[in-house]
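# Descriptive analysis of the structure
For reference, the chains in residue letters:
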Amino acid sequence: MSMTDPIADLLTRIRNAGGAGHRRVDIPLSKIKVEIARILTENHFLRGYKVLDDNRHGRLRVYLKYTSDERPVIRLLERVSKPGLRKYVDASSIPKVRAGMGIAILSTSNGLMTDREARRQRVGGEVIAKIY
């Protein structure tokens with residue numbers, strides 16, 4: 001069975017694993033999922049990630065991060081642009097998430113990047129997700 005929105009699947013798996021208190025979650029591999037995991041790790045929302053070879057398509061193992069009182073660091077993980085309704089923004093109207101406390105992930109002509117990087121490079125694109 002084919003999946004219509006693999007990015008939403010990634011975000012849902014991370015959200016569900018955090019809610020259940022798991023330390024890691026395995027996700028089917030794709031390049032865009034690895035880039036999203038890289039961005040979340042660089043912005044301190046995840047402890048890390050690892051690409052695993054399972055002799056088929058591969059797996060992405062994501063290590064979740066928790067606060068000192070065992071609550072997930074990620075409070076909000078929301079898919080913005082969906083297959084049925086794409087959301088594009090230009091460089092001047094890139095959204096700020098929680099007044100700059102969170103990040104938005106954008107798919108631009110220069111690759112995936114955070115809202116801050118996109119503003120600095122003055123490029124717009126498709127708003128993939130918001131994370132707080």
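Before reading on, note that the structure itself is shown above.
Residues numbered from 1 in each chain as written. Predicted model: local features only at pLDDT ≥ 70, side-chain atom pairs only at ≥ 80, totals over all residues. Heavy atoms only, no water.

## Digging into the sheet that holds strand β2 (residues 46–52)
Here we have 3 strands laid out as an open sheet, ordered β1-β3-β2, and antiparallel in their pairing. Looking at which strands have only one partner, the edges of the open sheet turn out to be β1 (24–28) and β2. Going across the sheet, the axis of each strand differs from the next one's by a mean of 20°, ignoring polarity. In this structure, β2 lies alongside strand β3 (residues 59–64), joined through 6 bridges in antiparallel fashion. Following the sheet pairing, V51 is matched in β3 by L60. Sitting on the sheet, helix α1 (residues 6–20) is in contact with β1 and β3, with an inclination near 165° to β1. The sheet strands contacting helix α2 (residues 31–42) are β1, β2 and β3, and the helix crosses β2 at an angle near 155°. (Pairing = 2+ DSSP bridges. Helix = DSSP H or I, 4+ residues; strand = E, 2+ residues; numbered from the N terminus. Axes fitted to C-alpha atoms, helices over the stretch in contact; angles between N-to-C directions. Contact = heavy atoms within 4.5 Å.)

## Quick notes on the nonpolar core
With 26 residues, the main nonpolar core has I14, I36, L40, V62, I105 and I131 as its most contacted residues. Elements represented by at least two residues in this core include exactly α1, β1, α2, β3, β6 (103–108) and β8 (125–131). Excluding anything up to four places from it in sequence, I105 contacts I36, I39, L40, L112, M113, E126, V127, I128, A129 and I131. (Core = buried A, V, L, I, M, F, W, Y, C linked by side-chain atoms within 4.5 Å. Buried < 20%, exposed > 50% of the residue type's maximum accessible area, 1.4 Å probe, protein only.)

## Describing the side chain of R79
Mapped onto the elements of the fold, R79 is located in strand β4 (residues 77–79). Among the residues examined, R79 registers a relative accessible area of 10% and is labelled buried. Polar side-chain contacts of R79 include one of 3.0 Å to the side chain of D5. In terms of polar contacts, R79 uses its side chain to reach the backbone carbonyl oxygen of S81, at 2.6 Å. Sequence-distant contacts of R79, that is, excluding residues within four places in its chain, are made with D5, I7, A8, L11, R86, I128 and A129. (Polar contact = N/O pair within 3.5 Å; in protein donor to acceptor, adjacent residues only side chain to side chain.)

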